[in-house]
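Given next are the chains, with one letter for each unit.
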Amino acid sequence: MSRRPSRIERRNARFQQWQALLTNRTKRSRSGEMVIQGVRPLTQALAHGIEIRTLLSDGRENPSRWARELLENPPAPVVELAPELMAELGEKEEGSPELLAVAALPSDDLARLDPGPDGVVVVFDRPTGPGNIGALARSVDALGGRGLIVTGHAADPWDPAAIRASTGSIFAVPVLRAPSHREVLEWVEQRRAAGEPWRVLGLDEAGGHELDDEDLTGPTLLVVGNETVGMSAGWREASDVIAEIPMTGSASSLNASVAGSLALYEIARQRRGR
């Protein structure tokens, strides 16, 4: 890919298509593409095999070493954008990013999950905030989770806000979308039929069972509910146990991504001590 990059100086149809990927979920779904902003998210995407379709550059004369190395051996055709157009796509208040990427959305096929015989997979049921999805993906990556499934009518994990909040971890673990609990439970039943004793653990602020009293050392599907109303009735019914995280003070509940992170830490703690 040594040919000279094309250059876009003004807003044209191609630029407008990329711009729509920032805010229009329908356009992302139809095109199967997203915009990746930031050094770490782009680095993580490349490291974990995300398909880059176009690498966008601001064409500066003295790029950083990171940008220079990518431009010398680019993963996709390079398009140079005028700095003001790069700033718009990068959603930066000051200055333009050196590089951005237009990338393919990963598949939502549950076969992408490979948790092993005693892994942990997290479900985020009907989240409304893309930032919470990204934050939970970051915790899944940091605390040993093997995948994140977003179920139901939910925010989009490929929204730029989710990608930024994850600091790129959203590319380091499989992140998938499922229409409802049913598809995920079919996957669980297949694992159980193969002899793996998967347990569905729901989180709720009034679960009746304290989280650290539960044995979390086996294969676990951890279900985190919507930020306001919690788990759906389907997930409540499917849960083998519903556990709570003990709280003191005046807070009525924990942020959903924080609750999921604490549960992941407790799972990891128990497994270190077994």
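Residues numbered from 1 in each chain as written. Predicted model: local features only at pLDDT ≥ 70, side-chain atom pairs only at ≥ 80, totals over all residues. Heavy atoms only, no water.

**Considerations on the overall build of the protein chain**
Thought 1: In terms of regular secondary structure, the protein chain is built from ten helices and twelve strands.
Thought 2: In terms of overall size, the protein chain behaves like a compact globule, its C-alpha atoms giving a radius of gyration of 20 Å where 274 residues would be expected to give roughly 19 Å.
Thought 3: For the protein chain, the C-alpha atoms occupy an extent of roughly 60 × 45 × 35 Å along the three principal directions.
Thought 4: With 274 residues in all, the protein chain has 51% of them scored as buried. (Helix = DSSP H or I, 4+ residues; strand = E, 2+ residues; numbered from the N terminus. Rg over C-alpha atoms; globule rule 2.2 N^0.38 Å. Buried < 20%, exposed > 50% of the residue type's maximum accessible area, 1.4 Å probe, protein only.)

**Details of helix α8 (residues 181–193)**
Thought 1: Between its terminal C-alpha atoms α8 stretches 18 Å, which fits the 18 Å expected from 13 residues at 1.5 Å a residue.
Thought 2: For α8, the full list of buried residues reads His181, Val184, Trp187, Val188 and Arg191. What you see down the axis of α8 is that its buried residues fit within an arc of 125 degrees, all on one side. Along α8, the residues that are exposed and aim more than 90 degrees away from the buried face are Arg182, Glu186, Gln190 and Ala193.
Thought 3: The inward-facing, buried residues of α8 abut β6 (120–125), β7 (148–151), β8 (175–178), β11 (220–224) and α9 (233–238).
Thought 4: Its side-chain oxygen 3.1 Å from the backbone nitrogen of Arg182, Ser180 forms the N-cap of α8.
Thought 5: Phi turns positive one or two residues past the end of α8, at Gly195, with a value near 95 degrees. (Expected span 1.5 Å × (residues − 1). Arc of directions from axis to C-beta. Contact = heavy atoms within 4.5 Å. Polar contact = N/O pair within 3.5 Å; in protein donor to acceptor, adjacent residues only side chain to side chain.)

**Examining the packing of aromatic side chains**
Thought 1: Under the counting rule described, the total for this entry stands at two aromatic pairs.
Thought 2: With 6.0 Å between their ring centres and 10 degrees between their planes, Trp158 and Phe171 make a pair best called stacked. Linking Trp158 in the loop between β7 and α7 (160–166) with Phe171 in the loop between α7 and β8, this pair joins segments that are 13 residues apart in sequence.
Thought 3: Considering the side-chain rings of Trp187 and Trp198, the 5.2 Å spacing of their centres and the 70 degrees angle between planes classify their relative orientation as edge-to-face. Taken together, the residues span a long stretch of sequence, with Trp187 in helix α8 and Trp198 in the loop between α8 and β9 (199–203) at a distance of eleven residues. As far as the burial class goes, Trp187 and Trp198 line up, both buried. (Phe/Tyr/Trp six-rings, centres within 6.5 Å; stacked < 30°, edge-to-face > 60°.)

**Points about the UniProt feature "domain: SpoU L30e-like N-terminal" (unreviewed entry) in the protein chain**
Thought 1: When the UniProt feature table is mapped onto this chain, "domain: SpoU L30e-like N-terminal" (unreviewed entry) is found at residues 12–101.
Thought 2: In this annotation, residues 12–101 is assigned 48% helix and 19% strand; the end-to-end C-alpha distance for the span is 18 Å. (UniProt positions renumbered as here; feature names shortened; annotations may be inferred.)

**Considerations on the pattern of salt bridges**
Thought 1: Tallied over the full model, the rule gives 19 salt bridges.
Thought 2: Arg60 serves as the salt-bridge partner of Asp58, at 2.7 Å between the closest nitrogen and oxygen.
Thought 3: Residue class for Asp58 comes out buried when judged on its relative accessible area of 7%.
Thought 4: Here Arg192 makes a salt bridge to Asp240, at a shortest N to O gap of 3.0 Å. Taken together, the residues span a long stretch of sequence, with Arg192 in helix α8 and Asp240 in the loop between α9 and β12 (241–244) at a distance of 48 residues.
Thought 5: Exposure remark for Arg192: the relative accessible area of 27% places this residue in the partly exposed category. (Salt bridge = Lys/Arg side-chain N within 4 Å of Asp/Glu carboxyl O.)

**Focus on the sheet that holds β9**
Thought 1: Read from one edge of the open sheet, seven strands run β8-β7-β6-β11-β9-β12-β10, paired in parallel fashion. Edge positions in the open sheet fall to β8 and β10 (209–210), since each of these has one partner strand only.
Thought 2: This element, α8, spans β6, β7, β8, β9 and β11 of the sheet and lies at about 145 degrees to β9.
Thought 3: With respect to the sheet, helix α10 (residues 256–273) is in contact with β6, β9 and β11, its orientation differing from that of β11 by roughly 160 degrees. (Pairing = 2+ DSSP bridges. Axes fitted to C-alpha atoms, helices over the stretch in contact; angles between N-to-C directions.)

**Side note on the domain arrangement of the protein chain**
Thought 1: Each assigned domain of the protein chain is listed with its residue range as follows: domain 1 (6–104) and domain 2 (110–273).
Thought 2: Centre-to-centre, using C-alpha coordinates, domain 1 lies 31 Å away from domain 2.
Thought 3: The interface is formed by 16 residues belonging to domain 1 together with 15 residues belonging to domain 2.
Thought 4: It is Arg25, Arg28 and Met34 in domain 1 that bury the most area against domain 2; as a group they hold 36% of the surface buried on that side.
Thought 5: Scanning the region where domain 1 abuts domain 2 turns up three salt bridges.
Thought 6: A total of four residues in the side of domain 1 that touches domain 2 trace back to one element, the largest contributor, which is helix α3 (residues 39–47).
Thought 7: Class assignment for the residues of the side of domain 1 that touches domain 2 results in eight nonpolar, four polar and four charged. (Domains from an automatic or database assignment. Buried area = accessible area lost by both parts, 1.4 Å probe. Nonpolar A, V, L, I, M, F, W, Y, C, P; charged D, E, K, R; others polar.)

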